[in-house]
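Working through the structure, step by step
Here is what each chain is made of, one letter per residue.
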Amino acid sequence: MSKVFAVEASAVSKLSPRRRTLCTVGGVIVLLALFVQAWIVVQARPQDLITGAHGMADIISRAMPPAFDQFVPNLRPVLETIDLAIFGTVFGILLAFPLAILAAANVTPARPLYYAARALIGVTRAVPDLVWALLFVTAVGLGPFPGALALAVHSVGMLGRLFAEVIEDMDMGPVEALTLTGAGRLQVLSHAVVPGVLPSLLGIGLFRFDENLRSSLVLGFVGAGGIGFQLLTAMNLFQYQTVSFLLIITFALVACAERGSAYLRSVVM
Amino acid sequence: MNTLPTSPSSTPLERGSASFSPIVAGTPYSGHLHTLGSDVKLAVRNLTMRYANGHTALNGLNLAVRAGEMVVVLGSNGSGKSTMMKCIVGLNRPTAGSVEIAGRDLATLSGPALRRARLPLALISQHANLVKRRSVLANVCCGTLGRYRTLGTALGMLPRAEFDHALGYLDEVGLLHLATQRAGTLSGGQAQRVAVARALAQHPHVLLADEPVASLDPEAADEVMRLLRRLASEDGLAVVCVLHQPDLASRYADRLVGLRRGVLAFDRPAAQVSHEDIARLYAGLDA
């Protein structure tokens, strides 16, 4: 390790002190310029936060106490939100795994398939789930189904990329050993690749469930069901006490999912 | 099964190449390879490997290994030992020459044909390369996959008899009591012995071992070498082992083969190779 540092230090010391200072100053100026342009483009007005504070306080006061009596009527939307995440994650994993096999350079059966799989993963990943939801709402109508489809498609991209990276990083020793025993591609896949990467894939899948649960809350805003849809409706009807109750439910759901998936990840990893 | 028929169209030898020479005069195999006895399990003829950058890793190597014989290959780094092993198992396609096992020239095959022809050949590497999250028994059973290329075996199903055989191989390497343990929990020596059991599950005629004790302590190294020796003497396997430990080589091998810059430096019974020969072999790289 110390050798690495020594090599790095010698590489840095090739620059004269004057040039090093110039490089540092230049770097700082570039970073500042980037931040200033971002400030201008987003039209940042910090003073509005202070002048608008009373409006925020007004909404908070009207949201108190939370409408806990809305618990029973909102049970189904809560279930819908959880099920959106389950559907999206399960289908995401089922579709992402074979895609990841094709998209992993070290195990892909053919180069054209590798590029095709990478392209598919790229497209499904690049388009946000909210946009997928809008597209699916147009295709299959309002309700939880378009939301579930949106989460599944976006998950395919996110999971496909991560799965492929895990497979590419795996120890190829067992794969080579089994290949030399005369095992076929499918046998090598099931006996060496899958056991080698399964814990990591399950961990990533659980993490994705956690992400999908958060996303499913937002998807309701575009008519894809769940708590998000109830939240939007309550806000539009100025039912701030219902809004605060739904926010508490949201917080509880996300916290439970986070803790649950962290525990399960610790078990499978 | 034991005969080593030659394929006239595939090797320089059978094409009547005048440049073909005996392995090494005075060795147990003096004379042309095609005159060797029927118990030869592996015959490497005139093996040459030249890389795209022009480097010649192997130059006209000849080697024959009989059933029940243990041959240890010695040589300094870059002498061509690993290239030779890769050419034998078909991971590298040699520029010229042949590698015959059970009457088939592996050097001319590829794809499924190579996979089938490679079945009588098992390789043990420096690292055991076990699937760490699977049981020891499951790892041994993986050695049978080449003989059962079905969807069922891909899903983990194997004939009951194969499990029994796998337990037998584990017993043979002295690890039956660890059959249900996870492979990832084994010590280096134990893992290497499981790799040997996996190789046995292939039902090989030829067992190649590429630096099998390189990462083991002396005691574990001794155990693995004893096991390889026993497999050659008692089970009749032809064993080719690449080593960097001349003392182990002298102790366990029937024959010692020295490689220097891709060329055979010597190929003699172990008793006829002196410390001086070995010292000269390793010094040869600098000469």
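Residues numbered from 1 in each chain as written. Chains lettered and ligands numbered in written order. Predicted model: local features only at pLDDT ≥ 70, side-chain atom pairs only at ≥ 80, totals over all residues.

**Brief notes about the overall build of chain A**
Counting its secondary structure elements, chain A contains 12 helices and 0 strands. Ordering the α and β elements of chain A from the N terminus gives α-α-α-α-α-α-α-α-α-α-α-α. C-alpha extents for chain A along the principal axes are approximately 70 × 60 × 35 Å. Taken over 269 residues, chain A has a buried fraction of 36%. Put simply, 73% of the contacts in chain A that link residues at least 6 apart link residues at least 24 apart. (Helix = DSSP H or I, 4+ residues; strand = E, 2+ residues; numbered from the N terminus. Buried ≥ 20, exposed ≤ 12 C-beta atoms within 10 Å, placed from the backbone. Contact = placed C-beta atoms within 7 Å.)

**Here's the deal with helix α8 (residues 144-169) of chain A**
With 26 residues, α8 of chain A should reach 38 Å at 1.5 Å per residue; the first-to-last C-alpha distance of 37 Å fits that figure. Most of α8 of chain A sits out of view: 20 of its 26 residues are buried. (Expected span 1.5 Å × (residues − 1).)

**A few points about the pairing of strand β3 (residues 70-74) of chain B**
Residue and element names in this part refer to chain B. Burial analysis of β3 places 5 of its 5 residues in the buried class, the great majority of the element. Of the two faces of β3, the one lined by Met70, Val72 and Leu74 and the one lined by Val71 and Val73 are each fully buried. Pairing geometry for β3 and strand β8 (residues 238-242), over 4 bridges, is parallel. By the bridge assignment, Val71 is partnered in β8 with Val240. (Pairing = 2+ DSSP bridges.)

**Describing the environment of Leu15 of chain A**
Residues and elements named next belong to chain A. Turning to its location among the elements, Leu15 is positioned in the loop between α1 (2-12) and α2 (17-41). Leu15 sits in the exposed class, given 12 other C-beta atoms within 10 Å. Residues Leu15 and Gly143 lie 128 residues apart in sequence; the distance between their C-alpha atoms is 62 Å. Those residues in contact with Leu15, other than ones at most four positions away along the chain, are Arg20 and Cys23.

**As for the interface of chain A and chain B**
Contacts between the two partners involve 17 residues from chain A and, on the opposite side, 20 residues from chain B. Elements represented by at least two residues in the side of chain A that touches chain B include exactly α9 (173-180) and α10 (185-219) of chain A. By residue number, the principal contributor to the side of chain A that touches chain B is α10 of chain A, which donates 7 residues.

**Examining the sheet that holds strand β4 (residues 96-101) of chain B**
The strand order across the open sheet formed by 4 strands is β2-β1-β4-β5 (chain B), and the pairing between neighbours is antiparallel. The sheet is open, and its two borders are formed by β2 (56-66) and β5 (104-105) of chain B, each paired with just one other strand.

**Regarding unusual backbone geometry**
Following Met64 of chain A, the chain continues to Pro65 of chain A via a peptide bond in cis, the omega torsion being -10°. Of note, Pro65 of chain A is situated in the loop between α4 (53-62) and α5 (75-103). Backbone geometry places Phe238 of chain A, a non-glycine residue, at a positive phi of 55°. Structurally, Phe238 of chain A is set in the loop between α11 (226-236) and α12 (240-268). Positive phi is not limited to glycine here, since Arg261 of chain B has a value of about 45°. Assignment of secondary structure puts Arg261 of chain B in the loop between β9 (255-260) and β10 (263-269). Arg261 of chain B gets classed as partly exposed once you count the C-beta atoms within 10 Å, which come to 17.

**Focus: the packing of α5 of chain A against α8 of chain A**
Residue and element names in this part refer to chain A. Remark: α5 packs on α8, axes separated minimally by 6 Å, with the N-to-C direction vectors making an angle of 40°. Two packed elements cross with a definite hand, and for α5 against α8 that hand is right-handed. Considering only residue class, the contact of α5 with α8 consists of 21 nonpolar, 6 polar and 1 charged. (Axes fitted to C-alpha atoms, helices over the stretch in contact; angles between N-to-C directions. Left-handed = near helix turned anticlockwise from the far one by under 90°. Nonpolar A, V, L, I, M, F, W, Y, C, P; charged D, E, K, R; others polar.)

**Some points on the pairing of strand β1 (residues 40-50) of chain B**
Residues and elements named next belong to chain B. Counting buried positions over the 11 residues of β1 gives 9, a clear majority of the element. Counting the residues between successive antiparallel strands, the hairpin from β1 to β2 contains 5 residues, one of them, Gly54, with a positive phi of roughly 95°. Where β1 and β4 come together, 5 bridges link them in antiparallel fashion. Following the sheet pairing, Ala43 is matched in β4 by Glu100.

**A few points about the confidence of the model for chain A**
With 94% of its residues at a pLDDT of 70 or more, chain A shows a mean pLDDT of 85. Summarising per-element confidence for chain A, the mean pLDDT is lowest in α1 of chain A (49) and highest in α2 of chain A (93). (pLDDT = per-residue confidence, 0-100.)

**Let's talk about the nonpolar core**
Val72, Val140, Val194, Leu208 and Val239 of chain B are the most contacted members of the largest nonpolar core, which totals 132 residues. No other element matches the 13 residues that α8 of chain A contributes to this core. Look past the residues within four positions of Leu208 of chain B in its chain and what remains in contact with it is Met85, Ile88, Val89, Leu121, Ala122, Leu123 and Val240 of chain B. Formed by 8 residues, the second largest nonpolar core is a distinct cluster that contains Leu217, Ile227, Leu231 and Val243 of chain A. (Core = buried A, V, L, I, M, F, W, Y, C linked by C-beta atoms within 7 Å.)

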